[in-house]
Amino acid sequence: MGSVSLKIGDGTARFKRTSLCSSAVNTLMIFCVIITNLFALYAFTSSPKNDHTELLHQAHKNFSLISEQVSLILREIDISQKKLAQMEKELLGYQSIDLSRPNIANELKLFLQRHQLPLGKDSKTGITEMVPSVGHSCEKSSDLLSQYMNYKVFGPCPDDWSVAQKLILRGCEPLPRRRCFAKSVSKVGLHPFPASLWKPVGNKTVNWSGLSCKNFECLNGKKLSRDCISCFDLVNGYENQRFIKSRSKNDFLIDDVLALGSGGIQIGLDVGGGSGSFASIMADRNVTVITNTLNIDAPFSEFIAARGLFPLYLSLDHRFPFYDNVFDLVHAASVLDVGGKAEKLEFLMFDIDRILRVGGLFWLDNFYCANEEKKKALTRLIERFGYKKLKWVVGEKVDNLGSGKYEVVLSAVLQKPIRV
């Protein structure tokens, strides 16, 4: 029955038509042919009557029954095709958005239009039109998406970054582009690189709208996550000592891990990297690290950028926008605990494996194991990837979020194998 194609982000997602509906339609069509042939056979092989009039009457009756059965079967096929089309609409993202609804912003309608190439088919790619990229889950938040796309063209954008982040967290990623000017921040008090790596970041360098705290002094007193406790305090906090001095056997030192890479560590990715301290310490060692983060309860992205580092504003539900086998090192901590079904973590792990080169290192740093089953599930998953265990430590640490209880954590340095 063919396939449908949807441009999402940096690739094309292809969905085969649902096999159940396709089988039903095929079965109905075969049934239609069989019934038609049986009635035709009956009409032409039935015993002749005494007179010609009765024969014509019987033939007319037979053909009427055939016509009625065929019409019934065609209606069933039409109903099945409509159900199949509805299932495809649910699979396809923005194409299922009803742009005729009155609450859909005009800018969203304009952005979602397909644009034909001026010279027809492109000889290199084979495409004939430009399709806008927008997350396939945006349909579930179409009202919020229309709010995001409601602005004055060539005017200032609404100060609604928190709306954009809410859409991203709902799976509406990537977001559509907008034709308005984002709110400008003066960025007063930035320091030159590399001094910027460990200099305090000024309060006027970030946009505090939509956040409960309005300065870094407020944030320094908060425990935002297991990996970010006073993580914005670059002078008096623990940030400048992390990865250099260990507080437990699960705290690996950066120089020890780099030695495992045999001098081949040049570029890395820090997944859920907090305020960017891992990337800062790596920068001190001439290693470039991209920090993946969102602005959950704090201006992480702007803070990382103010330190002269590269923030990647992306949720972990999104495919990493990097080519295969490009990173020497991937570092991740408890942010890897994505929750939900086991398949969700598997998708994330396969994407990490995709961007990590052969011989590259995957550093799992103090991953919180909520229970023994979670530890076993993660261990089984790692073993299925065939990574070489260069370091593997399971230990207990006091919960740094304040409960005072001991929690099981796993730290490991794994090396990606050669696969044939």
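Residues numbered from 1 in each chain as written. Predicted model: local features only at pLDDT ≥ 70, side-chain atom pairs only at ≥ 80, totals over all residues. Heavy atoms only, no water.

## A few points about the packing of aromatic side chains
- Counted under the stated rule, the structure contains eleven aromatic pairs.
- For the pair Trp-208 and Phe-216, a centre-to-centre distance of 4.9 Å together with 70° between the ring planes defines the contact as edge-to-face.
- Owing to a relative accessible area of 3%, Phe-216 belongs among the buried residues under this scheme.
- Ring geometry for Phe-243 and Trp-363: centres 6.0 Å apart, planes at 80°, overall edge-to-face. Pair noted here: Phe-243 is in the loop between strand 6 (228–229) and helix 7 (254–260) and Trp-363 is in strand 11 (residues 356–369), with a separation of 120 residues, a long-range link.
- In textbook terms, an aromatic cluster arises when at least three aromatic residues are bridged by ring pairs, as seen for Trp-208, Phe-216, Phe-232, Phe-300 and Phe-303.
- The ring of Trp-198 carries the charged tip of Arg-307 above its face, separated from the ring centre by 4.8 Å. (Phe/Tyr/Trp six-rings, centres within 6.5 Å; stacked < 30°, edge-to-face > 60°. Buried < 20%, exposed > 50% of the residue type's maximum accessible area, 1.4 Å probe, protein only. Helix = DSSP H or I, 4+ residues; strand = E, 2+ residues; numbered from the N terminus. Lys NZ or Arg CZ within 6 Å of the ring centre and 35° of its normal.)

## Points about the environment of Asp-337
- With respect to the helices and strands, the residue Asp-337 is situated in the loop between strand 10 (327–332) and helix 10 (342–355).
- By relative accessible area, which is 32% here, Asp-337 ends up partly exposed.
- It is 8.6 Å that separates the C-alpha atoms of Asp-337 and Cys-369, two residues lying 32 residues apart in sequence.
- Those residues in contact with Asp-337 that lie beyond four places of it in its chain are Phe-367 and Lys-374. (Contact = heavy atoms within 4.5 Å.)

## A few points about the packing of helix 10 against helix 11 (residues 372–385)
- Running from amino to carboxyl end, helix 10 crosses helix 11 at an angle of 35°, the nearest separation of the two axes being 11 Å. For the element pair helix 10 and helix 11, the recorded crossing hand is right-handed. Of helix 11, the residues touching helix 10 (which contributes Leu-345, Glu-346, Met-349, Phe-350 and Asp-353) are Leu-378, Leu-381, Ile-382, Arg-384 and Phe-385.
- Looking at the contact of helix 10 with helix 11, its residues break down into seven nonpolar, no polar and three charged. (Axes fitted to C-alpha atoms, helices over the stretch in contact; angles between N-to-C directions. Left-handed = near helix turned anticlockwise from the far one by under 90°. Nonpolar A, V, L, I, M, F, W, Y, C, P; charged D, E, K, R; others polar.)

## Details of the sheet that holds strand 11
- Pairing is mixed in the open sheet, where seven strands are placed in the order 9-8-7-10-11-13-12. The open sheet has two edge strands, strand 9 (310–313) and strand 12 (388–398), and neither has a second partner. Each neighbouring strand pair of the sheet contributes to a mean axis angle of 15°, computed without reference to strand direction.
- In this sheet, strand 11 lies alongside strand 10 in parallel orientation, the contact comprising five bridges. Within strand 11, the position partnered with Ala-332 by the bridge is Leu-364.
- The strands touched by helix 10 are strand 7 (267–271), strand 10 and strand 11; relative to strand 11, the strand with the most contacts, the crossing angle is about 145°. (Pairing = 2+ DSSP bridges.)

## Quick look at the state of the cysteines
- In the structure shown here, the tally under the stated rule is four disulfides.
- Between the sulfur of Cys-138 and that of Cys-172 lies a disulfide, 1.9 Å long from S to S. Measuring the twist about the S-S bond at about 90°, one finds the Cys-138-Cys-172 disulfide to be right-handed. Residue Cys-138 is located in the loop between strand 4 (129–130) and helix 4 (142–148), and its partner Cys-172 is located in the loop between helix 5 (161–169) and helix 6 (216–219); the two are separated by 34 residues in the primary sequence. For the pair Cys-138 and Cys-172, a shared accessibility class is recorded, and that class is buried.
- Each disulfide pairs two cysteine sulfurs, and for Cys-157 the partner residue is Cys-180, the sulfurs being separated by 1.9 Å. On the sign convention where negative is left-handed, the bridge of Cys-157 and Cys-180, at about 100° about the S-S bond, is right-handed. Taken together, the residues span a long stretch of sequence, with Cys-157 in the loop between helix 4 and helix 5 and Cys-180 in the loop between helix 5 and helix 6 at a distance of 23 residues. (Disulfide = S-S within 2.5 Å.)

## Details of helix 11
- Taking 1.5 Å per residue as the helical rise, helix 11 with its 14 residues ought to reach 20 Å, and the 21 Å between its terminal C-alpha atoms agrees with that figure.
- Along helix 11, the residues that are buried comprise Lys-375, Leu-378, Thr-379, Leu-381, Ile-382 and Phe-385. Looking straight down helix 11, one finds its buried side chains confined to an arc of 165°; they lie on one side.
- In this structure, the buried residues of helix 11 make contact with helix 10, strand 11, strand 12 and strand 13 (406–415).
- Of the residues trailing helix 11, Gly-386 is marked for its positive phi of about 75°. (Expected span 1.5 Å × (residues − 1). Arc of directions from axis to C-beta.)

## What to know about the nonpolar core
- In this structure, Leu-269, Phe-320, Val-330, Leu-336, Phe-362 and Leu-364 are the most contacted members of the largest nonpolar core, which totals 30 residues.
- For this core, the elements supplying multiple residues, two or more each, are strand 7, strand 10, helix 10, strand 11, helix 11 and strand 13.
- Among the nonpolar cores identified, the runner-up in size contains 21 residues, and Ile-254, Leu-309, Leu-361 and Trp-363 belong to it. (Core = buried A, V, L, I, M, F, W, Y, C linked by side-chain atoms within 4.5 Å.)

## Topic: the pattern of salt bridges
- Taken as a whole, this structure holds 13 salt bridges when the rule is applied.
- Measuring nitrogen to oxygen at the nearest pair gives 3.5 Å for the salt bridge that ties Glu-239 to Arg-242. One exposure class covers both Glu-239 and Arg-242, and it is buried.
- The shortest N-O distance in the salt bridge between Arg-419 and Asp-353 comes to 2.9 Å. One end of the pair, Arg-419, is in the segment after strand 13; the other, Asp-353, is in helix 10, and 66 residues separate them in sequence.
- On the basis of relative accessible area, Arg-419 is assigned to the partly exposed category, the value being 42%. (Salt bridge = Lys/Arg side-chain N within 4 Å of Asp/Glu carboxyl O.)

## Structural notes on the pairing of strand 9
- Where strand 8 (residues 288–293) lies against strand 9, four bridges are found, and the strand directions are parallel. Bridge assignment links Thr-293 to a residue of strand 9, and that residue is Tyr-313.
- Since strand 8 and strand 9 lie parallel, the crossover through helix 9 (residues 300–306) that links them has a hand, and here it is right-handed. (Right-handed = clockwise from strand over helix to strand, strands pointing away.)

## With respect to the side chain of Ser-315
- Mapped onto the fold, Ser-315 is located in the loop between strand 9 and strand 10.
- Since its relative accessible area comes to 5%, Ser-315 is described here as buried.
- Polar contacts involving the side chain of Ser-315 include one to the side chain of Glu-173, which spans 2.6 Å.
- Once residues lying within four places of it in the same chain are set aside, the contact partners of Ser-315 are Ile-168, Glu-173 and Leu-294. (Polar contact = N/O pair within 3.5 Å; in protein donor to acceptor, adjacent residues only side chain to side chain.)

Fair warning: the whole summary comes from geometry, so function is off the table for now.
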